[in-house]
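The chain contents come next:
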Amino acid sequence: MSETYEIGAPPIAVVLKKSARARRFSLRISNVDGVVSLTMPLRAAKRDALAFAQAQEGWLRQNLSRQPARLHPVFGGMILLDGCDVRLLQGQGRRVMLDGSDLYVPGSQDQLAAKLRAYFKTLARDRLAEASERYAAQVGRQVSRITLRDTRSRWG
């Protein structure tokens, strides 16, 4: 179970999480979405956890300022694809289509980010498969299977 608190001015949202495995306070900033989380032992007091976060406010602000700005794609806006600027346009049908420097994405503005994510994942998989087949042929081997996974939470 987690709760969100704000520290400092301007406020920084901190998600407070209790963990049975935690032995000390641990402050993290996600590289994926910039969310600040503070993990604390089960028996620790919330006021101590929040005092720890406030004591680390300078570190938080410094590291949050280093995070790249979050881009939110919009129709009519530009994104980078293969090193070139591509304009996002609302498309028809069900498939994302690249036509020169225009990328036609079907659906509404609310669906745009998800559709782009799926398109880029498919594009990456196709390119990886093509390159894998090419390099496997050079060494006289065959590729049996290609799998893409989100490995952010995997340890090993």
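Just so you know, these numbers come straight off a predicted model, no measurement behind them.

**Student:** Describe the nonpolar core, with residues and values.
**Tutor:** Formed by 13 residues in total, the largest nonpolar core has its most connected members in Ile-7, Ile-12, Val-14, Val-36, Leu-38 and Leu-60. Contributions of two or more residues to this core are made by strand E2 (12-19), strand E3 (26-29), strand E4 (36-41) and helix H1 (46-55). In this structure, Val-14 is in contact with Glu-3, Thr-4, Tyr-5, Ile-7, Val-36 and Leu-38, ignoring residues within four places of it in sequence. Counting eleven residues, the second-largest nonpolar core is a separate cluster that includes Leu-81, Val-86, Leu-103 and Leu-116.

**Student:** Quick rundown of the packing of aromatic side chains? Include the residues and the values.
**Tutor:** One pass over the structure, following the stated rule, counts two aromatic pairs. Between the aromatic rings of Tyr-119 and Phe-120, the centroid separation amounts to 5.7 Å while the plane-to-plane angle is 55°, which identifies the pairing as tilted. A residue is classified by how much of its surface remains accessible, and Tyr-119, at 16% relative accessible area, is buried. The cationic tip of Arg-134 hangs over the ring face of Tyr-135; the distance from NZ or CZ to the ring centre is 5.0 Å.

**Student:** Any chance you could break down the sheet that holds strand E6 (residues 84-91) for me, citing the residues and the numbers?
**Tutor:** A sheet is described by the order of its strands in space; here four strands give the open sequence E5-E6-E8-E7, paired in mixed fashion. In the strand order of this sheet, the two ends are held by strand E5 (78-81) and strand E7 (97-99), each with one partner. Strand-to-strand twist in this sheet, taken as the mean axis angle between neighbours without regard to direction, amounts to 35°. The sheet strands contacting helix H3 (residues 109-138) are E5, E6, E7 and strand E8 (102-106), and the helix crosses E8 at an angle near 120°.

**Student:** How would you sum up H3? Please name residues and give values.
**Tutor:** A rise of 1.5 Å per residue sets the reference length of H3, with its 30 residues, at 44 Å; its end C-alpha atoms lie 44 Å apart and thus fit the reference within 8%. Looking only at H3, the buried set comprises Leu-112, Leu-116, Tyr-119, Leu-123, Ala-129, Ala-131, Ser-132 and Ala-136. On its buried side, H3 packs onto E5, E6, E7 and E8. Just downstream of H3 lies Gly-140, where phi reads positive at about 75°.

Criteria and thresholds
Residues numbered from 1 in each chain as written. Predicted model: local features only at pLDDT ≥ 70, side-chain atom pairs only at ≥ 80, totals over all residues. Heavy atoms only, no water. Core = buried A, V, L, I, M, F, W, Y, C linked by side-chain atoms within 4.5 Å. Buried < 20%, exposed > 50% of the residue type's maximum accessible area, 1.4 Å probe, protein only. Helix = DSSP H or I, 4+ residues; strand = E, 2+ residues; numbered from the N terminus. Contact = heavy atoms within 4.5 Å. Phe/Tyr/Trp six-rings, centres within 6.5 Å; stacked < 30°, edge-to-face > 60°. Lys NZ or Arg CZ within 6 Å of the ring centre and 35° of its normal. Pairing = 2+ DSSP bridges. Axes fitted to C-alpha atoms, helices over the stretch in contact; angles between N-to-C directions. Expected span 1.5 Å × (residues − 1).

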